[in-house]
Amino acid sequence: MDRTTLAQALETGRITGEVATPRENNLEHIRRFLAGERQFDFGVELTREWDYDSVFALMVDRAGLRPDPAFTSGVDTISTKACIDALARLAGAIGDVARAGGTILFATGHPAGLLPVHMAIAEAAEAHGARIVRQVGQVSVPGIGGDCRELNRVWLWHLHGGTPHTHLAEPMHALLDDFDRRGEPRPDLIVADHGWAGAASARGLRTVGYADCNDPALFVAEDQGAIETTVPLDDDVNPYLYGPLIEFVLEQAGLDSAPSRETAASAR
């Protein structure tokens, strides 16, 4: 898929361009992130001083928010170009690790939005040689309850019979602690969003992920060098609208063709 076609699909689906997240929400979340509130810090550790103006400027540059600081209410934006450029970088990382036979962990805090995106890319990566982290036992989450569950190659936080939308870092920390307890090597790459990505990056793992324009934490982590790539996009549109995005990532990663017999056998 060429970039022009993808750009049209992203903007038509309001994944980029003028998005549903209002300006008021974006600005409020910058303040709550700087205040270190749970559900807004994503487990990201600050390694230098940040203030409102510096985070706002970063979000204009990396996510494409409207640059006028006097604009405080109304429809805000996400840069289509920034999204596509970041998708290409994310795809490159996934493709390289898959072809090398590396281990990838996919996880999401947005089961009703990004889960199908992660599932499709994880399936293709596995078919082309990646080892995808699958569930081997119960992984409880201390402090907040519930447990981590893997669904079709993607990890979620499970609580009271459901899989809640969450920004919390605790599920990823619990999963990585379980790796350590079992003496398993940590994954070569984390592909995630929200607190799953923030926590992984804070523990030094190679991480790429997705973030909405009201989620400054992962963009800050990227600027600090902890996250390799953060893709700006609306992370909670109807899942079918992400179809062109998935197609682009698979093409850019080299995962859109049928794998060779040797690769398919090694991925089993």
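Definitions and cut-offs
- Residues numbered from 1 in each chain as written.
- Predicted model: local features only at pLDDT ≥ 70, side-chain atom pairs only at ≥ 80, totals over all residues.
- Heavy atoms only, no water.
- Core = buried A, V, L, I, M, F, W, Y, C linked by side-chain atoms within 4.5 Å.
- Buried < 20%, exposed > 50% of the residue type's maximum accessible area, 1.4 Å probe, protein only.
- Helix = DSSP H or I, 4+ residues; strand = E, 2+ residues; numbered from the N terminus.
- Contact = heavy atoms within 4.5 Å.
- Pairing = 2+ DSSP bridges.
- Axes fitted to C-alpha atoms, helices over the stretch in contact; angles between N-to-C directions.
- Parallel < 35°, antiparallel > 145°, perpendicular 65-115°, else oblique.
- Left-handed = near helix turned anticlockwise from the far one by under 90°.
- Nonpolar A, V, L, I, M, F, W, Y, C, P; charged D, E, K, R; others polar.
- Disulfide = S-S within 2.5 Å.
- 1 Å grid on protein atoms, 1.4 Å probe; cavity = no way out; pocket = protein on both sides within 12 Å on 5 of 7 lines; lining within 4 Å.
- Points joined across faces, edges and corners; volume = space filled by probe spheres on them.
- Salt bridge = Lys/Arg side-chain N within 4 Å of Asp/Glu carboxyl O.

Break down the nonpolar core for me, citing the residues and quoting the values.
Leu105, Cys148, Trp155, Met172, Leu175 and Trp196 are the most contacted members of the largest nonpolar core, which has 45 residues in total. Broken down by secondary-structure element, the contributors of at least two residues to this core are α2 (23–34), α3 (52–62), β3 (103–107), β7 (154–158), α6 (170–182), β8 (189–193), α7 (194–202) and α8 (216–223). Apart from residues lying up to four places away in sequence, Met172 is in contact with Leu105, Ile190, Gly195, Trp196, Ala199 and Ala200. Membership of the second largest hydrophobic core comes to 44 residues, among which are Leu87, Ala93, Val117 and Leu250.

Requested: an account of the pairing of β8, with residues and values cited.
Counting buried positions along β8 gives five out of five residues, so the element sits mostly inside the fold. Side-chain alternation along β8 places Leu189, Val191 and Asp193 on one buried face and Ile190 and Ala192 on a second face that is also buried. As judged from the three bridges shared by β3 and β8, these two strands associate in the parallel manner. In the strand pairing of β8, Ile104 is matched with Leu189. Here four bridges tie β8 to strand β9 (residues 207–211), and the two strands are oriented parallel to one another. The residue of β9 that forms the bridge with Val191 is Val208.

Lay out the packing of α2 against α3 in plain terms, naming residues and giving numbers.
Two elements in contact, α2 and α3, have axes whose closest approach is 10 Å; the angle formed by their N-to-C orientations is 130 degrees. With respect to α3, the axis of α2 lies oblique. In the crossing of α2 with α3, the sense of the turn from one axis to the other is right-handed. On α3, the residues touching Arg23, Leu27, Ile30, Arg31, Phe33 and Leu34 of α2 are Tyr52, Val55, Phe56 and Met59. Within the contact of α2 with α3, the residues separate by chemical class into eight nonpolar, no polar and two charged.

Account for the environment of Leu250, naming residues and giving values.
With respect to the secondary-structure elements, Leu250 resides in helix α9 (residues 243–253). The exposure class assigned to Leu250 is buried, which follows from its relative accessible area of 15%. Residues Leu250 and Gly95, 155 residues apart in the sequence, show an inter-C-alpha distance of 8.3 Å.

Describe the state of the cysteines, naming the residues involved and giving the relevant values.
On inspection of all chains with the given rule, the structure shows zero disulfides. In this model Cys83 remains outside any disulfide bridge; the closest cysteine sulfur is found in Cys213, 11 Å from its own. For Cys83, a relative accessible area of 0% gives the class buried.

Requested: an account of the layout of surface pockets, with residues and values cited.
A volume near 230 Å³ is recorded for the largest pocket. Residue lining of the largest pocket: 13 residues in total, with Thr103, Val133, Phe179, Glu184 and Pro185 positioned closest to the centre. Among the elements of the structure, β4 (131–132) and α6 are those that each provide at least two residues to the lining of the largest pocket.

Give a description of the pattern of salt bridges that names residues and reports values.
On inspection of all chains with the given rule, the structure shows 23 salt bridges. Here Arg38 ties to Glu170 by a salt bridge, and the two come within 2.9 Å at their closest N and O atoms. One end of the pair, Arg38, is in the loop between α2 and α3; the other, Glu170, is in helix α6, and 132 residues separate them in sequence. In this structure, Asp61 engages Arg62 in a salt bridge whose closest nitrogen and oxygen atoms are separated by 3.4 Å. Judged by relative accessible area, Asp61 falls into the exposed class, the value being 55%. A relative accessible area of 24% means that Arg62 is categorised as partly exposed. What emerges from the salt-bridge pattern is a single network uniting Arg48, Asp61, Arg62, Glu222 and Asp223.

Can you break down the environment of Gly74 residue by residue, with the values?
Take Gly74: it is sitting in the loop between α3 and β2 (75–78). Of the residues examined, Gly74 reaches a relative accessible area of 31% and is grouped as partly exposed. Distance from Gly74 to Ile104, taken between C-alpha atoms, is 39 Å for residues 30 residues apart in sequence. Excluding residues within four positions of it along the chain, Gly74 makes contact with Pro22, Arg23 and Glu24.

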